[in-house]
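# Commentary on secondary and tertiary structure
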Amino acid sequence: MTAVQQDRKLPAGEPDGFHRMWRELAPVGRDSGSGGYRRYAWTGADADCRAWFREQAEARGLAYEVDRNGNQWAWLGDPAAGDAVVTGSHLDSVPDGGAFDGPLGVVSALAAVDELRARGHAPQRPLGIVNFGDEEGARFGLACVGSRLTAGVLDPARARELRDGDGVTLALAMERAGYDPDALGPDPERLARIGAFVELHIEQGRALAGTPHPVGVASAIWPHGRWRFDFHGEANHAGTTRLADRRDPMLTYAASVLTAREQAELAGALATFAKISVEPNGVNAIPSLVRGWLDSRAADEDTLAALVSAVEKAAVARGHADGVEVAVTRESFTPVVDFDHGLRDRLARGLGGAPVLPTGAGHDAGILSGAVPTAMLYVRNPTGVSHSPAESAEEDDCVAGVHALADALEGLTCGS
């Protein structure tokens, strides 16, 4: 079958409802120019996604609620009974992101509940579906805000002061969207009710491509973080200032980009400068400030620390030669996540020995892993492209993901 694309006109009347939900959600937040998605936290597109989730929950007779951190929940059974099994993901996107990263997990979770009902399965444990807020961090620069707050690994005061590119704080954005930012904070009582969390996600890579397995299982998430590099130089006229008299921070920034790539190759890791802010940002003006954000990931924390340290050391040295001051701030860090072995192995066995794969991508499941047994399922991505409108998955693989998730949820809620 052909790949499911966000604008694909899929046939109506699919018994599991997956395709119908996919069609309904597909237009929300999609940019007509790029074809990608701009579903940023606490915007109109985010509100539309939230409304869609609530409608889906209520249409199935699930108990709907929003927690203190803006995460949405839908429940089959009473969560207060404890030992609940929860699945889900997120609906927000990176700038001009693809259709699958996040939404595939939410749509598949709802479709899996439909599948369980079609099988006549009566869960013996509460079953929940969650849409975590602001997973991508596209607007305020910090990923997994909703799950970090819930798990108590993000200070509420810091969260409220996060700012977008226009200077709007997260607190103000929440207020404008009708939510209470003063309520933000840890939610240990809610987490204590969860016995297992399983997140389904599009594979962000090509490890499953060319294999007979449409679905894989996560083993671990590499440690990763974001560092802000501030390069302070001197603004001046681009047409009159001699090269020898310049203190141009763009030169230091450019050298740091190349250093990050070189160090990542040497370490067998990943390092990317992909976001930049320039002041005064004029065509004929030497910048006074260049601000670049480094995203870096590695198989272990020592390698990651050494890589970032090497990039910083080289940036400072080059800055000294360029007459540029360099300051580095770590804005976020997630340590290595080793998913619950018992849950991971149970899912792999249920899939007939599916591949067990590590990933460099962060997820809400990784944030929750310190408090709740967590695991992840990956749906095969034929090209490996992610965070792009070209992101895709085969229809058969998406359906296989729904069935794999339904099997996992059935096994976990059967009471044995």
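See above for the structure.
Residues numbered from 1 in each chain as written. Predicted model: local features only at pLDDT ≥ 70, side-chain atom pairs only at ≥ 80, totals over all residues. Heavy atoms only, no water.

Of note, the bond from glutamate 279 into proline 280 is cis; its omega dihedral lies within 30 degrees of zero at 5°. By secondary structure assignment, the location of proline 280 is in the loop between strand 10 (270–279) and strand 11 (285–286). With a phi close to 60°, tryptophan 42 is a non-glycine residue in the positive phi region. Tracing the backbone through its elements, the reader meets tryptophan 42 in the loop between helix 1 (18–25) and helix 2 (44–59). The exposure class of tryptophan 42 is buried, given its relative accessible area of 10%. (Helix = DSSP H or I, 4+ residues; strand = E, 2+ residues; numbered from the N terminus. Buried < 20%, exposed > 50% of the residue type's maximum accessible area, 1.4 Å probe, protein only.)

With that out of the way, let us pick up the packing of helix 3 (residues 103–119) against helix 12 (residues 395–412). Following both chains from N to C, one finds helix 3 and helix 12 inclined at 60°, their axes separated by 8 Å at the closest point. Compared by their axis directions, helix 3 and helix 12 come out oblique. The interaxial crossing formed by helix 3 with helix 12 has right-handed handedness. On helix 12, the residues touching Leu104, Ser108, Ala109, Ala111, Ala112, Glu115, Leu116 and Arg119 of helix 3 are Cys398, Val402, His403, Leu405, Ala406, Asp407, Leu409 and Glu410. For the contact of helix 3 with helix 12, the residue count by class is ten nonpolar, two polar and four charged. (Axes fitted to C-alpha atoms, helices over the stretch in contact; angles between N-to-C directions. Parallel < 35°, antiparallel > 145°, perpendicular 65-115°, else oblique. Left-handed = near helix turned anticlockwise from the far one by under 90°. Contact = heavy atoms within 4.5 Å. Nonpolar A, V, L, I, M, F, W, Y, C, P; charged D, E, K, R; others polar.)

Attention shifts here to the sheet that holds strand 8 (residues 224–232). One open sheet accounts for four strands, arranged 10-12-8-13; its pairing is antiparallel. In this open sheet, the two strands that pair with only one neighbour each are strand 10 and strand 13 (325–334). Within this sheet the neighbouring strands show an average axis-to-axis angle of 20°, counted without direction. Here strand 8 pairs with strand 12 (residues 289–297) via nine bridges, running antiparallel. Within strand 12, the residue paired with phenylalanine 231 across the bridge is valine 290. The sheet contacts of helix 8 (residues 249–267) involve strand 8, strand 10, strand 12 and strand 13, and relative to strand 10 the element is tilted by about 170°. (Pairing = 2+ DSSP bridges.)

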